[in-house]
Amino acid sequence: MSVDFLVVGAGVAGMRAAITLAEQGTVLVVAKDAIEESSTEYAQGGIAVALSDDDNFSLHVQDTLMAGDGLCSGPAVEALVKEGPARIDELLRWGTNFDMENGHFVMGREGAHSRSRVLHAGGDSTGREIARALYEKSSSLKNLSFQSFAAVTDLLMEDGRVTGAVAYDQKTKSRVHVHARAVLLATGGAGQLFLNTTNPTVATGDGIGIAYRVGAEVSDAEFIQFHPTALFIPGRPRFLLSEALRGEGAILRNVNGDRFMHRYHAMEELAPRDVVSRSIIAEMAATQATHVLLDLSHKDAAWIRQRFPTIYETCFKFGIDLTKQAAPVHPAAHYIMGGVRTNLLGQTSVPGLYAAGEVACTGVHGANRLASNSLLEGVVFGARAGEAMLGEAAKPATGRTFGDEQFPLLERERLQQLAWEGCGIARNAAGIERVLKAIDHGGRHNIASPGRRDYERRNLATVLRLVAKAALKREESRGGHYRTDFPAKLDEPLHSSVRRGQATKLISWPVS
Ligand SMILES: Cc1cc2nc3c(=O)[nH]c(=O)nc-3n(C[C@H](O)[C@H](O)[C@H](O)COP(=O)(O)OP(=O)(O)OC[C@H]3O[C@@H](n4cnc5c(N)ncnc54)[C@H](O)[C@@H]3O)c2cc1C
């Protein structure tokens, strides 16, 4: 089959790009699960934008750079912040209902933001509302179609450029070649790499694995943000208890009921996420507990139910009434700052291949993401990638796949365990080397009729290897990457960079 533009992923970045692309060509958006199954759908806290009277672009830029710990790309951050208001305007025109009071947006406050600048919708279901509006807008465009339950496994290449992709159709169990002038990877994050994660099951790092196999540059993959407060109920998925709870006054206590954040950081509960995550781990160790407690019960009960309806209901289902008691929480992998390296137009190092959203590494988050900047990244860089792809000329509908038909023998659960233990919140050389050894000695095999889980496992193993190699190379602690054997930060901020067939190195990015 042949289209002008192929978009892989139906989250905020993919849908935003597709809307621009549909102005000038046929667009197919594929998603490997139901269209609604994405991180976008689960985003609670909101979308950051400098719109309130006491805010301005330079404050939002400054907070983003501060969180990024020396590794943000200045031009990427400028683009994010300055184009934010126009993209929000667009979302409003397309029917997004952000929460308002007396004709004004309600602006939430989140950790490491110096101003209240987080727009939210439905209290705590911002992502769902944005995705709904984008989907409705997309569905009204005649050039644009969606295909669900189709997992892209590989890219098609001709003369060194990407000319399409191979999708595994889970309903017919067949592989379909889709030819296109350009392909956008908008496959989201890789949280499923870890035993504890807030990410949905689709977040298996596919875009990074797929791009790496055709030789694209992958950068800063070692920078993983661990969210400090995922609900800790043994045997249940780690449901996120948004940062906005702490923004609104929720308190962290250890299992003995004592507040502790003042002992770790001056900003206490609103310190950067990596600091809060490490503080919780330290407190868990000190009290020999499996979790700490997040307490909002001092706030008005009716207000809690109205401000955080989804969180309140979900906790209640698990037997925890947030209006009366504290919730058990534990850190969980939440966001990958690195990924497929792109320029500010979403172009990767491979012609014809673009990336936007969480899968991409534009440098907008540096070594650590400022809360609620990623939905914004999706609309800003999704739109930019869409614009740039329009310039790709038509190509003959040819191309072949190449690469790796072998699959790792290691099971998904084993990979997740390895990642959590060796490449988790606090890392050291011995632990990282154990991960690499287990992957390299884990063995590979051929599978006659591979299915989605096999393709995902192949990507999880590839991405874990890239994370581990970069984490080992980076002998310092910075942002989301913390080495117990190298706790200090080096003077020179360097990015990790790797391409297939080359060793991981640390480099400076040219000023763009
Ligand atoms: C619980 C939770 C809460 C969050 N809260 C916030 C918040 O309040 N504010 C904020 O800014 N950010 C938040 N984030 C982060 C933010 O939601 C994500 O970074 C962002 O939505 C990513 O958007 P995306 O378009 O890049 O990818 P996603 O929204 O994850 O979409 C990925 C898409 O790619 C598809 N896909 C993946 N692999 C393949 C494949 N091989 N073939 C075909 N399709 C594929 C998936 O099916 C899906 O459609 C949160 C994340 C989580 C998990």
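For clarity, every value in this text was computed on a predicted model and none was experimentally measured. (Residues numbered from 1 in each chain as written. Predicted model: local features only at pLDDT ≥ 70, side-chain atom pairs only at ≥ 80, totals over all residues. Heavy atoms only, no water.)

Q: It is not clear to me how the packing of aromatic side chains should be interpreted in this structure. Could you clarify?
A: Two measures describe an aromatic ring pair: the distance that separates the ring centres and the angle between the ring planes. This structure, assessed with the given rule, holds 10 aromatic pairs. With a centroid separation of 5.4 Å and an interplanar angle of 80 degrees, the aromatic rings of phenylalanine 194 and phenylalanine 226 are classed as edge-to-face. You can see phenylalanine 194 sitting in the loop between β12 (182-185) and α6 (206-213) and its partner phenylalanine 226 sitting in strand β14 (residues 224-231), a full 32 residues away along the chain. The exposure class of phenylalanine 194 is buried, given its relative accessible area of 1%. By relative accessible area, which is 4% here, phenylalanine 226 ends up buried. A centroid spacing of 5.6 Å and a plane angle of 65 degrees characterise the contact between phenylalanine 407 and tyrosine 455, whose relative ring orientation is edge-to-face. On the criterion of sequence distance, the pair formed by phenylalanine 407 in strand β21 (residues 407-408) and tyrosine 455 in helix α14 (residues 452-473) is long-range, its members being 48 residues apart. Just as phenylalanine 407 is buried, tyrosine 455 falls in that class too. (Phe/Tyr/Trp six-rings, centres within 6.5 Å; stacked < 30°, edge-to-face > 60°. Helix = DSSP H or I, 4+ residues; strand = E, 2+ residues; numbered from the N terminus. Buried < 20%, exposed > 50% of the residue type's maximum accessible area, 1.4 Å probe, protein only.)

Q: Even after reading the chapter, I still don't get the pattern of salt bridges, so can you show me in this structure?
A: Oppositely charged side chains can pair when the atoms bearing their charge come close. On inspection of all chains with the given rule, the structure shows 38 salt bridges. Measuring nitrogen to oxygen at the nearest pair gives 2.6 Å for the salt bridge that ties arginine 384 to glutamate 83. Separated by 301 residues along the polypeptide, arginine 384 in helix α11 (residues 373-389) and glutamate 83 in helix α4 (residues 74-93) bring together distant segments of the chain. Of the charged contacts in the structure, one is a salt bridge between glutamate 243 and arginine 246, with a shortest N-O distance of 3.7 Å. Taken together, the residues glutamate 243 and arginine 246, both in helix α7 (residues 243-247) and 3 residues apart, mark about one turn of the helix. For glutamate 243, a relative accessible area of 2% gives the class buried. (Salt bridge = Lys/Arg side-chain N within 4 Å of Asp/Glu carboxyl O.)

Q: Hey, could you run me through α6 in this one?
A: Note: α-helices contain 3.6 residues per turn, so residues at a spacing of three or four share the same orientation. Of all the 8 residues making up α6, 8 are buried; the element is thus mostly covered by neighbouring parts of the structure. Taken together, the buried positions of α6 are occupied by Asp206, Gly207, Ile208, Gly209, Ile210, Ala211, Tyr212 and Arg213. Downstream of α6 by one or two residues, glycine 215 has phi in the positive range, about 95 degrees.

Q: So what exactly am I meant to see when it comes to unusual backbone geometry here?
A: Phi is mostly negative for residues that are not glycine, and the peptide bonds are mostly trans. Its identity is not glycine, yet glutamate 268 carries a phi of approximately 50 degrees, on the positive side. A relative accessible area of 30% means that glutamate 268 is categorised as partly exposed. Here glutamine 288, not a glycine, exhibits a phi torsion of approximately 50 degrees, which is positive. Mapped onto the elements of the fold, glutamine 288 is located in the loop between α8 (273-287) and β16 (292-295).

Q: For this particular structure, what's the right way to read the site of the ligand?
A: Lining the immediate surroundings of the ligand are 38 residues, of which Thr40, Gly46, Asp206, Glu358 and Ser374 lie closest. The separation between an oxygen atom of the ligand and a polar main-chain atom of valine 12 is 3.2 Å. One of the backbone N or O atoms of serine 372 is found 3.4 Å from an oxygen atom in the ligand. Computed on the free molecule, the ligand has an accessible area of 1000 Å², of which 98% lies beneath the protein chains in the complex. Of all the secondary structure elements, the ones that give two or more residues to the shell around the ligand are α1 (12-21), α2 (39-42), β9 (150-158), β17 (327-336) and α11. Classifying every residue of the shell around the ligand gives 16 nonpolar, 17 polar and 5 charged. (Near = heavy atom within 4 Å. Polar contact = N/O pair within 3.5 Å; in protein donor to acceptor, adjacent residues only side chain to side chain. Areas by Shrake-Rupley, 256 points an atom, 1.4 Å probe, with all protein chains shown as cover. Nonpolar A, V, L, I, M, F, W, Y, C, P; charged D, E, K, R; others polar.)

Q: I tried to follow the sheet that holds strand β6 (residues 107-108) on my own but got confused; where do I start?
A: Two modes of strand pairing occur in sheets, parallel and antiparallel, and in both the strands are linked by backbone hydrogen bonds. Spatially, 3 strands are ordered β3-β7-β6 in an open sheet, and the strand pairing comes out antiparallel. Edge positions in the sheet fall to β3 (47-48) and β6, since each of these pairs with one other strand and no more. Pairing analysis gives 2 bridges linking β3 to strand β7 (residues 118-119), with the strands arranged antiparallel. Within the sheet, the bridge partner assigned to isoleucine 47 lies in β7 and is leucine 119. (Pairing = 2+ DSSP bridges.)

All quantities given are derived from atomic positions and should not be read as evidence of function.
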